[in-house]
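# Structure at a glance
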Amino acid sequence: QAQLVESGGGLVQVGGSLRLSCVVSGSITSINYMGWYRQAPGKQRELVAAITSGGSINYADSVKGRFTISRENAKNTGYLQMDNLKPSDAAVYYCNAHIGVVGKLRRYSYWGQGTQVTVSS
């Protein structure tokens, strides 16, 4: 089994920055895909950014040039650096990872509990 724990959310003014972290722990053998999603009240969860183990990166158009996704494999940790935040970025941000676990042949998708990002104008 694996667990994902996000941190780094909070209240920030428009134009400010936050850095989210996602730490993966447990009996893991590999982490392939890591993605950040967000869900605002009344809206569907949407992909913000994703990174594969090979380094391929994908961003939502709305965050290109402002957000940076990265990962530190040695620490089983992913990051989302968010700069120039806008009110439209306010949401609960979730980390998702596709993880291989000990004793299993396939990877499983795991989600963190979410961290709130609030942007004040």
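Our subject is the structure listed above.
First things first, this report covers the structure right here in the doc.

Conventions we followed
- Residues numbered from 1 in each chain as written.
- Predicted model: local features only at pLDDT ≥ 70, side-chain atom pairs only at ≥ 80, totals over all residues.
- Heavy atoms only, no water.
- Helix = DSSP H or I, 4+ residues; strand = E, 2+ residues; numbered from the N terminus.
- Buried < 20%, exposed > 50% of the residue type's maximum accessible area, 1.4 Å probe, protein only.
- Contact = heavy atoms within 4.5 Å.
- Areas by Shrake-Rupley, 256 points an atom, 1.4 Å probe, with all protein chains shown as cover.
- Lys, Arg positive; Asp, Glu negative; His and termini not counted.
- Charge placed at Lys NZ, Arg CZ, Asp CG, Glu CD.
- Core = buried A, V, L, I, M, F, W, Y, C linked by side-chain atoms within 4.5 Å.
- Phe/Tyr/Trp six-rings, centres within 6.5 Å; stacked < 30°, edge-to-face > 60°.
- Lys NZ or Arg CZ within 6 Å of the ring centre and 35° of its normal.
- Salt bridge = Lys/Arg side-chain N within 4 Å of Asp/Glu carboxyl O.

## A look at the overall build of the protein
- Along the protein, the regular secondary structure elements total zero helices and 11 strands.
- Moving toward the C terminus, one meets the helices and strands of the protein in the order β-β-β-β-β-β-β-β-β-β-β.
- Looking at the protein residue by residue over its 121 residues, the buried ones come to 42%.
- Of the contacts made within the protein by residues no fewer than 6 positions apart, 56% connect residues no fewer than 24 positions apart.
- When the accessible surface of the protein is totalled, it reaches about 6300 Å², and 48% of it is carbon and sulfur.
- Separation between the mean location of the 12 positive side-chain charges and that of the 6 negative ones in the protein comes to 7 Å.

## Some points on the nonpolar core
- Within the largest apolar cluster, 31 residues are counted, with the highest numbers of intra-cluster contacts made by Leu 80, Met 82, Tyr 93 and Ile 99.
- If you tally residues by element for this core, the top one is strand E9 (residues 91-101), at six residues.
- With sequence-adjacent residues up to four places away left out, Tyr 93 is seen in contact with Glu 6, Leu 20, Tyr 37, Arg 38, Val 48, Phe 67, Leu 80, Met 82, Gly 114, Thr 115 and Val 117.

## Observations regarding the packing of aromatic side chains
- For the structure shown, the criterion picks out one aromatic pair.
- Arg 45 extends its terminal NZ or CZ atom over the ring of Trp 111, reaching a point 4.7 Å from the ring centre.
- For the cation-ring pair, Arg 106 lies above Tyr 108, with the distance from its terminal atom to the ring centre recorded as 4.3 Å.

## Considerations on the pattern of salt bridges
- Counted by the stated rule, this structure contains five salt bridges.
- The partner of Arg 38 in a salt bridge is Asp 89, and the shortest N-O contact between them spans 2.9 Å. Taken together, the residues span a long stretch of sequence, with Arg 38 in strand E4 (residues 28-39) and Asp 89 in the loop between strand E8 (77-82) and E9 at a distance of 51 residues. Neither Arg 38 nor Asp 89 differs from the other in exposure class; each is buried.
- Between Arg 66 and Asp 89 there is a salt bridge; the shortest N-O distance is 2.7 Å. You can see Arg 66 sitting in the loop between strand E6 (57-59) and strand E7 (67-72) and its partner Asp 89 sitting in the loop between E8 and E9, a full 23 residues away along the chain. An identical accessibility class is assigned to Arg 66 and Asp 89; each is buried.
- Here the salt bridges do not stand alone but share partners, grouping Arg 38, Glu 46, Arg 66 and Asp 89 into one network.

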